[in-house]
Amino acid sequence: MQDPTQGAVWRQALAGSQMLLVAFGALVLMPLITGLDPNVALFTAGLGTLMFHIVTGGQVPVFLASSFAFIAPVIAAKAKFGLEETLGGLAAAGVLYMVLSGAVRLKGTGFINRLLPPVVIGPVIMVIGLSLAPVAVHMASGRAGDGSAELVPYTTAIVIAMISLLVTIFAAVWAKGLFRLVPIMFGIGVGYALSAFAGIVDTSAIAEAAWFSVPNFVAPAFSWSAILFMLPVAIAPAIEHIGDVLAIGNVTGNNYIKKPGLHRTLLGDGIATSTAALLGGPPNTTYSEVTGAVMLTRNFDPKVMIWAAVIAIVLAFVGKFGAALQTIPVPVIGGILCLLFGSIAVVGLNTLIRHQVDFSERRNLVIAGVTLVFGIGGMAIGQIEGIALCGLVAIGLNLILPGSKTAAWGEAATEEESLDKSF
């Protein structure tokens, strides 16, 4: 007689594969843009998700993978400090999450509202997206991300990039059901096919790659310059984490801010991010796409995410799979990034709108204005520049400028008293 749990296990594994598919496009796109190994990204996403579920007691149905918020800082840090020291800075960013976790454990969420209100975080998120716009345009035009070299003739590149972009937009807006959650996959698929037809896809690396291959793990190096450069960047993703935890709680009907507690979810995210950096992978974050898939499928079982993590780890050791990912032509990625980077900026704008930040108040206008110019313009003071600098400036201006400090984080703000009691 068949074990009645056996079918359930297979269903969980199938559902886990589906969740990984939803996360897959963004998961591998980040390392492809920043020059990291996509197989390492797969491994660290799976390992980080498992660690998160261990820390939170397997109660929250989320999947952690590559964070787009760190793309611009990683590109800038690699050019300035090299890969190893950049990874050291990313490991320190994960430690910052752990420090925030401890602060939430001791003080509740009230300090987050005072230190990092929407008027601070909204413009910083906008800077993250807008500062990446030149990278998207360069790649869509057939050039390297920094515009230093032409990799594909402009005419061929721009046609492929725009078709890839249009397909991605079509899938995001008009596709139905689960297909609507994987627009990147559609854009890459169509763009790759067009690129192959145009003769700009080199598949020799796939033939040369072994079926089984250990990912190219890289050990970090630590320097205060790289750490101070990267630490402020982690502020915006930390707030994004809180929003994602609230969102998945709304979907499942559970208050994860109380149980297992925001301090545990932040700790899990921090451990996942630091571990990824120690192995040469990109920093991790909770994935909103997966939250959307959970809402669509109504599958609230956290074990599904554990299966997705295990499958990601297995795929990381398939050498030909990683080699195939790295053959995706630059124009295909560039076209899709025109949408993704713009979407990041809109998330920041939406943060200001949803929390009704009043720009007739001078302090808010000053904070947002200076933050945007410093961030987009690439202002540098000492070793700190760009997104890192604008984040620190926004926090500093918010603390010292007189005036009302209202417009907090909605439900996260109202949880302070109950959080203090539950801790």
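Everything below is about the structure shown above.
Since this is a predicted model, take the numbers as computed values, not measurements.

## Some remarks on the overall build of the protein
For the protein, the count of helices and strands is 21 helices and four strands. The C-alpha atoms of the protein give 21 Å as radius of gyration, which agrees with the globular expectation for 423 residues (22 Å, within 12%). Here the C-alpha coordinates of the protein stretch approximately 65 × 60 × 45 Å along the principal axes. Counting every position in the protein, which comprises 423 residues, the buried fraction comes to 53%. Put simply, of all contacts in the protein between residues at least 6 apart along the chain, 82% involve residues at least 24 apart. Counting only carbon and sulfur atoms, one obtains 67% of the accessible surface of the protein, whose full area is about 17,600 Å². Across the protein, the mean location of the 20 positive side-chain charges is 8 Å away from that of the 21 negative side-chain charges.

## Observations concerning helix H12 (residues 235–252)
The terminal C-alpha atoms of H12 lie 26 Å apart, and with 18 residues this matches the ideal 26 Å at 1.5 Å per residue to within 8%. In terms of burial, H12 is a largely internal element, 14 of the 18 residues being buried. At the exit of H12 stands Gly253, carrying a positive phi of roughly 80°.

## Here we look at the nonpolar core
Among the nonpolar cores identified, the biggest contains 113 residues, and Leu27, Leu29, Phe63, Phe68, Phe70, Leu337 and Phe341 are the most heavily contacted of them. No other element matches helix H1 (residues 4–34), which puts 13 residues into this core. With residues near it in sequence (within four places) discarded, Phe70 still touches Met30, Leu90, Ala93, Tyr97, Met230, Val233, Ala234, Pro237 and Pro283.

## Topic: the packing of aromatic side chains
Within the structure shown, the criterion is met by six aromatic pairs. Considering the side-chain rings of Phe170 and Trp174, the 5.3 Å spacing of their centres and the 40° angle between planes classify their relative orientation as tilted. With Phe170 and Trp174 both in helix H8 (residues 154–174) and four residues apart, the pair spans about one turn of that helix. Across the pair, exposure class does not vary: Phe170 and Trp174 are exposed alike. Through a chain of ring-to-ring contacts, the aromatic side chains of Phe43, Phe212, Phe217 and Phe317 assemble into a single cluster. The ring of Trp211 carries Lys320 above its face, with NZ or CZ at 5.5 Å from the centroid.

## Overview of unusual backbone geometry
Here Lys259 and Pro260 are connected by a cis peptide whose omega angle stands at 10°. Within the secondary structure, Pro260 is located in helix H13 (residues 257–279). Positive phi, normally seen in glycine, also occurs at Gln356, with a value near 50°.

## Quick word on the side chain of Ser66
By the secondary structure assignment, Ser66 is in strand S1 (residues 64–66). The class for Ser66 is buried, based on a relative accessible area of 1%. Engagement of the side chain of Ser66 in a polar contact is seen with the backbone oxygen of Leu27, the distance being 2.8 Å. Not counting residues up to four positions away in its chain, the partners in contact with Ser66 are Ala26, Leu27, Met30, Pro31, Ala41, Pro282, Pro283, Asn284, Thr285 and Tyr287.

## Observations concerning the environment of Ile206
Summarising the element assignment, Ile206 is placed in helix H10 (residues 204–208). Expressed as a C-alpha distance, the spacing of Ile206 and Thr286, which sit 80 residues apart in the sequence, is 31 Å. When residues no more than four places from it in sequence are discounted, the contact partners of Ile206 are Tyr192, Lys320, Ala323, Ala324 and Thr327.

## Quick notes on a nonpolar patch on the surface
A surface patch of nonpolar side chains, amounting to about 530 Å² of accessible area, comprises Leu166, Ile169, Phe170, Val173 and Trp174. If you trace the backbone, Leu166 turns up in helix H8. Look at Leu166 and you get exposed, because its relative accessible area is 56%.

## Thoughts on H8
Given a rise of 1.5 Å per residue, 21 residues ought to cover 30 Å, and the 29 Å separating the end C-alpha atoms of H8 matches this to within 8%. Taken together, the buried positions of H8 are occupied by Ala157, Ile160, Ala161, Ser164, Leu165, Thr168 and Ala171. Along the axis of H8, the buried residues cluster in a sector spanning 135°; they form a single face. With respect to the buried face of H8, the exposed residues turned more than 90 degrees away are Thr155, Leu166, Phe170 and Trp174. Along its buried surface, H8 packs onto helix H7 (133–140), helix H9 (183–198) and helix H17 (330–354).

Conventions used here
- Residues numbered from 1 in each chain as written.
- Predicted model: local features only at pLDDT ≥ 70, side-chain atom pairs only at ≥ 80, totals over all residues.
- Heavy atoms only, no water.
- Helix = DSSP H or I, 4+ residues; strand = E, 2+ residues; numbered from the N terminus.
- Rg over C-alpha atoms; globule rule 2.2 N^0.38 Å.
- Buried < 20%, exposed > 50% of the residue type's maximum accessible area, 1.4 Å probe, protein only.
- Contact = heavy atoms within 4.5 Å.
- Areas by Shrake-Rupley, 256 points an atom, 1.4 Å probe, with all protein chains shown as cover.
- Lys, Arg positive; Asp, Glu negative; His and termini not counted.
- Charge placed at Lys NZ, Arg CZ, Asp CG, Glu CD.
- Expected span 1.5 Å × (residues − 1).
- Core = buried A, V, L, I, M, F, W, Y, C linked by side-chain atoms within 4.5 Å.
- Phe/Tyr/Trp six-rings, centres within 6.5 Å; stacked < 30°, edge-to-face > 60°.
- Lys NZ or Arg CZ within 6 Å of the ring centre and 35° of its normal.
- Polar contact = N/O pair within 3.5 Å; in protein donor to acceptor, adjacent residues only side chain to side chain.
- Patch = residues over 30% accessible without salt bridge, like charges linked within 9 Å, V, L, I, M, F, W, Y side chains within 5 Å.
- Salt bridge = Lys/Arg side-chain N within 4 Å of Asp/Glu carboxyl O.
- Arc of directions from axis to C-beta.

Function-wise, these values are silent; they only describe arrangement.
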